[in-house]
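One letter stands for each residue in the lines below.
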2 protein chains.
Amino acid sequence: MDAASESSEAAHGARRPGRPYDHSGDPAILAVTLDLLAERGYDQVTLDLVALRTGRAKTTLYRRWPTKADLVVAAVEAVGTPPEARELPDTGTVRSDLLAVVDSPWLGGPDRRMVLFDGLVTAAQVSPRVADAVRTTVTTPYVGVYEALLDRALARGQVSPGRAEAVPLVAQVIPAMASRGLAEGPVGRSYFVDVVDLVVLPALGIVG
Amino acid sequence: MDAASESSEAAHGARRPGRPYDHSGDPAILAVTLDLLAERGYDQVTLDLVALRTGRAKTTLYRRWPTKADLVVAAVEAVGTPPEARELPDTGTVRSDLLAVVDSPWLGGPDRRMVLFDGLVTAAQVSPRVADAVRTTVTTPYVGVYEALLDRALARGQVSPGRAEAVPLVAQVIPAMASRGLAEGPVGRSYFVDVVDLVVLPALGIVG
């Protein structure tokens, strides 16, 4: 972000209509929006607070993202897809492949990512447009990663006979249990390890 | 509800302080609140709309439930616990016991109940107090019902050797997948049948 042009813009108030919008500060604004979602949940995120944290003028934010939903949708879309969707882990066992996704360093590693996704789940419930963005950007790609890992296990003969038809549904179990709302606050890594060991692998009869 | 006293109260405006509140209309108001949650989700439920649908004066509603969260928490608490929590189904097989819970006529049967619970999940995400009420009233009792059914199967020797430790986690799978947010709109009965047949029973090695 260009701090000089930021403060000059703040000092001069609204930009003249027609002057092209400078997008160079967008990534920082969207990152702050995600941080706030993770810290406080959708309800407590305001454009005022984002303006305060980024040092941008409120008018600048409102011109670019007229509503909170617009801003949050842009932030979700900026998250991108999990790196495992582009390159499947292949670590030797189905179990360690699944755990490589759970332990991915993406978005700051498992703990920060789980808190962030908890914020996204909150946001998705309030705004149907945010829900679409979360489904498209996060949930569907994750189900896809798990399904690809389990399909590969099937192709390698690691799934028990007669369990092939369960693969698409079992691929949804980890994302589903991540947002189950049973615990107070977000679930931790050890919960996912248990889901892999006690539900996913046994449901498909996968050993190791 | 007493229609005569309702219209008289609406005509006279606010009740004098100190006059005892008449609770006889509460169940109808809470039922309408649940209907609206199911139809529109938390965001679209307003005390104005509840007043309109029930024919009660807005001032009466505000006096009893000062905020929307108060009203929705009361509505969730009025749902009560699933009847299966008081009397476990015992139909002959673990599968048909689990499906008896899925197919329960409680709260209007599976289709209406799934739409309603979808509305509760929405509400829970917005208000931590509503989230607590949903967890206490709905989610935890349901996990308890499934856990009791699976514990009984374990006691009857129907769970595969070595799978006992998975029972508490597997008991969370059905409630978790009910609110997974992967589908557009609420999931239907056939989805739960698949979750039972392709995830829950195989994860515990239960046959029938």
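What you are looking at is a predicted structure, and each value in this text was computed from that prediction instead of being measured.

### Observations concerning the overall build of chain A
Secondary structure assignment for chain A yields 12 helices and zero strands. Counting the 208 residues in chain A, one finds 51% classified as buried. Within chain A, residue pairs in contact and separated by at least 24 positions form 67% of the contacts whose partners lie at least 6 positions apart. A total of about 9,200 Å² of accessible surface is found on chain A, and carbon and sulfur atoms cover 55% of it.

### Topic: the confidence of the model for chain A
All names here are of chain A. Chain-level statistics for chain A give a pLDDT mean of 84 and a share of 85% at 70 or above. Helix α1 (residues 3-12) is the least confidently modelled element of chain A, averaging 43 in pLDDT, while helix α7 (residues 94-102) averages 96, the highest of any element. The low-confidence segment residues 1-14, where pLDDT is below 50, has 15 contacts with residues more than four positions distant or belonging to other chains.

### Focus: the UniProt feature "DNA-binding region" (unreviewed entry) in chain A
If you check UniProt for "DNA-binding region" (unreviewed entry), the listed places come out as residues 46-65 of chain A in our numbering. The distance separating the terminal C-alpha atoms of residues 46-65 of chain A is 12 Å; by composition the span is 75% helix and 0% strand.

### Let's talk about unusual backbone geometry
In the Ramachandran plot, A:L107 falls in the positive-phi region, its phi being about 60 degrees despite a non-glycine side chain. Following the sequence through the fold, A:L107 ends up in the loop between α7 and α8 (110-126).

### Things to note about helix α2 (residues 26-40) of chain A
All names here are of chain A. With 15 residues, α2 should cover 21 Å at 1.5 Å per step; its first-to-last C-alpha distance of 21 Å lies within 8% of that length. Those residues of α2 lying buried are D26, I29, L30, V32, T33, L34, L36, L37 and A38. Trailing α2 by a residue or two, G41 shows a phi angle of about 85 degrees, which is positive.

### Examining helix α3 (residues 47-54) of chain B
Residues and elements named next belong to chain B. Looking only at α3, the buried set comprises L47, L49, V50, A51 and T54. Buried residues along α3 sit in contact with α2 (26-40), α4 (58-64) and α5 (68-78). Note on α3: the residue one or two positions beyond its end, G55, has a positive phi of about 75 degrees.

### Some thoughts on the environment of B:T81
Residue and element names in this part refer to chain B. Within the element layout of this structure, T81 appears in the loop between α5 and α6 (83-86). Along the primary structure T81 and V138 are separated by 57 residues, whereas in three dimensions their C-alpha atoms are 6.5 Å apart. If we skip the residues at most four places from it in the chain, T81 touches R86, W106, T137 and P141.

### Concerning the packing of aromatic side chains
Residue and element names in this part refer to chain A. Under the definition given, this model contains 10 aromatic pairs over all chains. With a centroid separation of 5.8 Å and 75 degrees between ring planes, the pair formed by F117 and Y142 is classed as edge-to-face. Here F117 is found in helix α8, whereas its partner Y142 is found in helix α9 (residues 128-155), with 25 residues between them in sequence. The same class applies to F117 and to Y142, which are both buried. An aromatic cluster is built from W106, F117, Y142 and Y146, whose rings are joined through pairwise contacts. Stacked on the ring of Y42, the Lys or Arg K68 has its end atom at 4.3 Å from the ring centre.

### Observations regarding the environment of A:D132
Residue and element names in this part refer to chain A. Secondary-structure assignment places D132 in helix α9. Residue class for D132 comes out partly exposed when judged on its relative accessible area of 38%. Residues D132 and V76 lie 56 residues apart in sequence; the distance between their C-alpha atoms is 10.0 Å.

### So, the nonpolar core
Among the nonpolar cores identified, the biggest contains 141 residues, and A:L150 and B:L150 are the most heavily contacted of them. Residues within four places of B:L150 in sequence aside, it is in contact with B:V94, B:V159, B:V167, B:V170, B:A171, B:V200, B:L204 and B:I206.

### Focus: the pattern of salt bridges
One pass over the structure, following the stated rule, counts 24 salt bridges over all chains. The closest approach of N and O atoms between A:R135 and A:D132, which form a salt bridge, is 2.6 Å. In this pair, A:R135 and A:D132 both sit in helix α9, three residues apart, roughly one turn of the helix. What makes A:R135 buried here is its relative accessible area of 13%. Residue B:R53 is joined to B:E39 by a salt bridge in which the shortest nitrogen-to-oxygen separation is 2.9 Å. Here B:E39 lies in helix α2 and B:R53 lies in helix α3, a separation of 14 residues in the sequence. Counted as one network, the salt bridges with shared partners bring together A:D90, A:D97, A:R152 and A:R156.

### Overview of the packing of α7(A) against helix α12 (residues 189-204) of chain A
Residue and element names in this part refer to chain A. At their nearest, the axes of α7 and α12 sit 10 Å apart, and the two run at 145 degrees to each other. When you trace α7 past α12, the crossing you get is right-handed. Contacts between α7 and α12 involve V94, R95, L98, L99 and V102 from the first element and R189, F192, V193, V196, D197, V200 and L201 from the second. Taken together, the residues that form the contact of α7 with α12 break down as nine nonpolar, no polar and three charged.

### Side note on the side chain of B:S104
Residues and elements named next belong to chain B. With respect to the helices, strands and loops of the structure, S104 is situated in the loop between α7 (94-102) and α8 (110-126). Judged by relative accessible area, which is 1%, S104 ranks as buried. One polar contact links S104 to E84, side chain to side chain, over a distance of 2.7 Å. Among the polar contacts listed, one links the side chain of S104 to the backbone nitrogen of W106, at a separation of 3.1 Å.

The rules behind the values
- Residues numbered from 1 in each chain as written.
- Chains lettered and ligands numbered in written order.
- Predicted model: local features only at pLDDT ≥ 70, side-chain atom pairs only at ≥ 80, totals over all residues.
- Heavy atoms only, no water.
- Helix = DSSP H or I, 4+ residues; strand = E, 2+ residues; numbered from the N terminus.
- Buried < 20%, exposed > 50% of the residue type's maximum accessible area, 1.4 Å probe, protein only.
- Contact = heavy atoms within 4.5 Å.
- Areas by Shrake-Rupley, 256 points an atom, 1.4 Å probe, with all protein chains shown as cover.
- pLDDT = per-residue confidence, 0-100.
- UniProt positions renumbered as here; feature names shortened; annotations may be inferred.
- Expected span 1.5 Å × (residues − 1).
- Phe/Tyr/Trp six-rings, centres within 6.5 Å; stacked < 30°, edge-to-face > 60°.
- Lys NZ or Arg CZ within 6 Å of the ring centre and 35° of its normal.
- Core = buried A, V, L, I, M, F, W, Y, C linked by side-chain atoms within 4.5 Å.
- Salt bridge = Lys/Arg side-chain N within 4 Å of Asp/Glu carboxyl O.
- Axes fitted to C-alpha atoms, helices over the stretch in contact; angles between N-to-C directions.
- Left-handed = near helix turned anticlockwise from the far one by under 90°.
- Nonpolar A, V, L, I, M, F, W, Y, C, P; charged D, E, K, R; others polar.
- Polar contact = N/O pair within 3.5 Å; in protein donor to acceptor, adjacent residues only side chain to side chain.

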